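Structural overview
What follows is each chain in one-letter form.
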Amino acid sequence: MIKIETINNMDIYRAAKGEKGKKHDDYYTPNYAWDWIRPYIPADKKIWEAFYGDGSSGQYLASLGLDVVHKDVDFFENDLGEVIVSNPPFSKKKEVYTRLRELDKPFIMISPSGMINTKYIQKLFSDAPSPIQIAIPPKRINFTKIVDGKVPEGWANRCCFDCFYYCYKIGLPRDITWLSLDTLAD
């Protein structure tokens, strides 16, 4: 049982890592984060929400009128859909983006903003046929943390870092696109 004494999200995160320091990557994307990027998700393509979680993101994307493949399968061993739209486990970003580059298909991925400065992203995409484009949310995305199937006591849904939508072969209007609170699905 996890005992949490404060309402500080960093303390909760550290406690949620468990006795052996195991990281939990179960942070669920709020629907509004998909609403903001929806106008740029190709409606004429089959979308693969590649990281299943509890299934809610795939269900929500489908409710927006998208043709979504959302199965509880291993991302590293499968290749589904025509465009990948997901919030991957941040502890495996390097492996995820290496796999994305290997697949070389269009994607929109939610990841920490600081990742753009990493050497591995530079190496993976500097010679790619299409540049990485960035869509910047209008405000911080506050993910819902899940540990052992439930929200930890005291979790306040306040994220302590910013994220971008990393886009590849999507064709945003600009290489850096600022989204607005008015950016909603049709």
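To keep things clear, this report deals only with the structure shown in the data block. Note that this is a predicted model, so its numbers are computed, not measured.

Some thoughts on the sheet that holds strand β5 (residues 107-112)
Taking strand neighbours across the sheet as the criterion, the 7 strands line up as β3-β2-β4-β5-β8-β6-β9 in an open arrangement whose pairing is mixed. Of all the strands in the sheet, just β3 (67-69) and β9 (176-178) have a single pairing partner and so form its edges. Averaged over neighbouring strand pairs, the angle between their axes works out to 30° when direction is ignored. With 3 bridges connecting them, strand β2 (residues 46-48) and β3 associate as parallel partners. Bridge pairing links K46 to D67 in β3. Against the sheet, helix α4 (residues 93-103) contacts β4 (83-86), β5 and β8 (163-168), and its axis sits at roughly 165° relative to β5.

Section: the pattern of salt bridges
Taken as a whole and judged by the stated rule, the model has 6 salt bridges. As a salt-bridge pair, R101 and D127 come within 3.9 Å of each other at their nearest N and O atoms. Here R101 is found in helix α4, whereas its partner D127 is found in the loop between α5 (119-125) and β6 (132-136), with 26 residues between them in sequence. Take R101: its relative accessible area is 19%, and that puts it in the buried class. When its relative accessible area of 59% is taken as the criterion, D127 is described as exposed. Residues joined in a network through salt bridges with shared partners are R101, D104, D127 and K169.

What counts, and at which threshold
- Residues numbered from 1 in each chain as written.
- Predicted model: local features only at pLDDT ≥ 70, side-chain atom pairs only at ≥ 80, totals over all residues.
- Heavy atoms only, no water.
- Pairing = 2+ DSSP bridges.
- Helix = DSSP H or I, 4+ residues; strand = E, 2+ residues; numbered from the N terminus.
- Axes fitted to C-alpha atoms, helices over the stretch in contact; angles between N-to-C directions.
- Contact = heavy atoms within 4.5 Å.
- Salt bridge = Lys/Arg side-chain N within 4 Å of Asp/Glu carboxyl O.
- Buried < 20%, exposed > 50% of the residue type's maximum accessible area, 1.4 Å probe, protein only.

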